[in-house]
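Each chain is listed here by its residues.
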Amino acid sequence: MTDSPALEGRVAIVTGGARGIGSAISEMLTAEGASVIVADSGVDIAGNDPDPSVAKAFASGLGERAAAYTEDMGVSAAAVQAVEMAVDTFGGIDIVVNNAAILRDAFVFKGSPDDWDAVIRNNLSGPFYLVAAATAVMREQARAGRGGGDAYTWGRLINLVSTAGFIGNYGQAPYAAAKGGLISLMRIAALDMARTGVTSNAVAPFARTRVTEIIQPANDEQEIYKERALKVDPQHVARMTAWLCTDGAQDVTGQIFGVRGRETMLFSQARPVVTAIADGDTWTMDTLTDTVNTHFRDHFADMRTDLEVFNTDPAL
Ligand SMILES: NC(=O)c1ccc[n+]([C@@H]2O[C@H](COP(=O)([O-])OP(=O)(O)OC[C@H]3O[C@@H](n4cnc5c(N)ncnc54)[C@H](O)[C@@H]3O)[C@@H](O)[C@H]2O)c1
């Protein structure tokens, strides 16, 4: 990070930008010179009881380069409106941070279709609506040479994901499925926007927020996990997110990063680990059994949960 503001003149929308990790991101982006639409409806963790005063108070505390948008970002019309607000208020849209999320956990055998729909709409459809609305304007801006006479090929899409989406935890089917979907959305947006110079990345955070505060430990291991999580300051996640918005990250796209205190990670993405080709026309049940046992089994993804994979002290 340079001493002079790295993001001067850039305009961002941060969903869920008034609380937790989102508020740290809104603060970091404005500190680096960007203008920010704080798009936060002020709902509780399950997505109920909206309170517009949360984003209004937070945005006014950030100063003139911040404005609150308080509609539900899980609705496609809200995405269009938030982008219009960015353009009307601050002159364009350059950065989208999809951070808003809700949780409705239950074991799959007790899962409710209504909870599934609510989480997928809020945590996956909403981000798609915003990416679709913003990238359409970003492409127009590119053609219009926003910010100067030359072609404007600049933009940033950042999805806050979770290791729950690719490692997993018990009872988080809708949340994890939405986060897995957000990784796919990130990849396709990176491909679709490559020619326009717009990058798209994912950040899996670990940080102290109201979500970590309400974890009800079911055993000693979870108790230790919670204690460790409560020590981690969200500003590290905000700094990585802001870095991805700098010019130095222009060629960084399609990647999944992790941030846990001072520890920054790059995650692998699924590629074939081992392959085997059938003898003759196709496989038989017996040759499949044999091939899985002799070639694949040693390479199976382990069944450890998030809590077990990240069971070490964070670097504070
Ligand atoms: N805290 C962690 O350790 C952790 C771990 C993994 C992933 N994450 C991810 O990081 C992001 C931020 O999490 P957090 O812990 O800061 O959560 P949080 O609950 O503290 O804040 C989320 C904010 O999003 C807002 N919001 C939710 N749905 C909205 C909607 N439809 N429209 C507008 N605003 C909406 C809420 O009002 C709230 O202010 C989330 O995507 C979460 O899944 C967090």
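Residues numbered from 1 in each chain as written. Predicted model: local features only at pLDDT ≥ 70, side-chain atom pairs only at ≥ 80, totals over all residues. Heavy atoms only, no water.

Asks: Where do I start with the overall build of the protein in this structure?
Replies: Counting its secondary structure elements, the protein contains 10 helices and 8 strands. Against the compact-globule benchmark of 20 Å for 316 residues, the protein has a radius of gyration of 21 Å, which places it among compact chains. When the backbone C-alpha atoms are referred to their principal axes, the protein occupies close to 65 × 45 × 40 Å. Here the contacts in the protein between residues at least 6 apart in sequence split such that 72% fall between residues at least 24 apart. (Helix = DSSP H or I, 4+ residues; strand = E, 2+ residues; numbered from the N terminus. Rg over C-alpha atoms; globule rule 2.2 N^0.38 Å. Contact = heavy atoms within 4.5 Å.)

Asks: Help me understand the packing of aromatic side chains, please; the structure alone is not making it clear to me.
Replies: Given two aromatic rings, one states the distance between the centres and the angle between the planes to describe the pair. Per the counting criterion, the structure on display carries 4 aromatic pairs. One residue, arginine 10, lies across the ring of tryptophan 154, its end atom 3.5 Å from the ring centre. The positively charged end of arginine 156 is found above the aromatic ring belonging to tryptophan 154, 4.3 Å away from the centroid. (Phe/Tyr/Trp six-rings, centres within 6.5 Å; stacked < 30°, edge-to-face > 60°. Lys NZ or Arg CZ within 6 Å of the ring centre and 35° of its normal.)

Asks: What is the right way to read the site of the ligand from this model?
Replies: In the vicinity of the ligand lie 28 residues, with Asp40, Asn99, Asn122, Tyr175 and Thr209 positioned nearest. Residue isoleucine 21 places a main-chain N or O atom 2.8 Å away from an oxygen atom belonging to the ligand. In this structure, a nitrogen atom belonging to the ligand sits 2.8 Å away from a side-chain N or O atom of aspartate 72. The protein chains hide 94% of the 840 Å² of surface that the ligand would expose on its own. Among the elements of the structure, α1 (20–31), α5 (173–192), β6 (198–206) and α6 (210–213) are those that each provide at least two residues to the shell around the ligand. Taken together, the residues of the shell around the ligand sort by class into 14 nonpolar, 9 polar and 5 charged. (Near = heavy atom within 4 Å. Polar contact = N/O pair within 3.5 Å; in protein donor to acceptor, adjacent residues only side chain to side chain. Areas by Shrake-Rupley, 256 points an atom, 1.4 Å probe, with all protein chains shown as cover. Nonpolar A, V, L, I, M, F, W, Y, C, P; charged D, E, K, R; others polar.)

Asks: Mind showing me how you'd approach the packing of α1 against helix α8 (residues 235–244) here?
Replies: Any two packed helices are characterised by the angle at which their axes cross and by the distance between the axes. It is at 8 Å that the axes of α1 and α8 come closest, and there the two elements cross at 50 degrees. By the angle between their directions, the pair α1 and α8 is classed as oblique. Considering only the axes of α1 and α8, their crossing is right-handed. On α8, the residues that touch Ile21, Ala24, Ile25, Met28 and Leu29 of α1 are Gln235, Val237, Ala238, Arg239, Thr241 and Ala242. For the contact of α1 with α8, a count of residues per class yields 8 nonpolar, 2 polar and 1 charged. (Axes fitted to C-alpha atoms, helices over the stretch in contact; angles between N-to-C directions. Parallel < 35°, antiparallel > 145°, perpendicular 65-115°, else oblique. Left-handed = near helix turned anticlockwise from the far one by under 90°.)

Asks: Please clarify how the nonpolar core should be interpreted in this entry.
Replies: Formed by 39 residues in total, the largest nonpolar core has its most connected members in Ile13, Val83 and Ile93. Secondary-structure elements contributing two or more residues to this core are β1 (11–15), β2 (35–39), β3 (66–69), α3 (76–90), α4 (113–144), α5 and β6. Excluding its chain neighbours within four sequence positions, the residues that come into contact with valine 83 are Ile13, Ile93, Leu130, Ala133, Ala134 and Val137. (Core = buried A, V, L, I, M, F, W, Y, C linked by side-chain atoms within 4.5 Å. Buried < 20%, exposed > 50% of the residue type's maximum accessible area, 1.4 Å probe, protein only.)

Asks: I tried to follow the pattern of salt bridges on my own but got confused; where do I start?
Replies: Any two side chains of opposite charge can pair, so long as their charged atoms come close to each other. Counted under the stated rule, the structure contains 7 salt bridges. A salt bridge links aspartate 72 to arginine 121; the shortest N-O distance between them is 3.1 Å. One end of the pair, aspartate 72, is in the loop between β3 and α3; the other, arginine 121, is in helix α4, and 49 residues separate them in sequence. Overall, the relative accessible area of 28% leaves aspartate 72 in the partly exposed class. Among the residues examined, arginine 121 registers a relative accessible area of 34% and is labelled partly exposed. For glutamate 263, the salt bridge is made with arginine 260, and the minimal N-O distance between the two is 3.0 Å. Its relative accessible area of 29% is what places glutamate 263 among the partly exposed residues. With relative accessibility at 5%, the residue arginine 260 sits in the buried group. (Salt bridge = Lys/Arg side-chain N within 4 Å of Asp/Glu carboxyl O.)

Asks: Looking at this model, I keep getting lost on the environment of glycine 22. Mind explaining?
Replies: On the secondary structure map, glycine 22 appears in helix α1. A residue is classified by how much of its surface remains accessible, and glycine 22, at 0% relative accessible area, is buried. Linking glycine 22 and leucine 160, residues 138 residues apart in sequence, is a C-alpha distance of 9.3 Å. Those residues in contact with glycine 22, other than ones at most four positions away along the chain, are Val14, Gly16, Gly17 and Asn99.

Asks: Which parts of the structure should I look at to understand α1?
Replies: A turn of α-helix holds 3.6 residues, and therefore any two residues three or four places apart point the same way. Compared with the 16 Å implied by 1.5 Å per residue over 12 residues, the 17 Å span of α1 between its first and last C-alpha is a close match. For α1, the full list of buried residues reads Ile21, Gly22, Ser23, Ala24, Ile25, Ser26, Met28, Leu29 and Thr30. Two residues or fewer after α1 comes glycine 33, characterised by a positive phi angle close to 100 degrees. (Expected span 1.5 Å × (residues − 1).)

Asks: Please clarify how unusual backbone geometry should be interpreted in this entry.
Replies: Glycine aside, a negative phi is what most residues show, and trans is what most peptide bonds show. One non-glycine residue, aspartate 49, lies in the positive phi region at around 55 degrees. Along the polypeptide, aspartate 49 turns up in the loop between β2 and α2 (53–62).

Asks: How should I be thinking about the sheet that holds β1 in this particular structure?
Replies: Consider a sheet: its strands pair through backbone hydrogen bonds, and that pairing is either parallel or antiparallel. What the 8 strands build is an open sheet, ordered β3-β2-β1-β4-β5-β6-β7-β8; its pairing is mixed. Every other strand in the sheet has two partners, leaving β3 and β8 (263–266) as the edge strands with one partner each. With direction set aside, neighbouring strand axes in the sheet form an average angle of 20 degrees. Looking at chain direction, strand β4 (residues 95–98) and strand β5 (residues 155–160) are connected through 4 bridges and run parallel. What sits directly across from valine 97, in β5, is isoleucine 158. Contacts from α4 reach β1, β4, β5 and β6, with the element oriented near 175 degrees to β4. (Pairing = 2+ DSSP bridges.)

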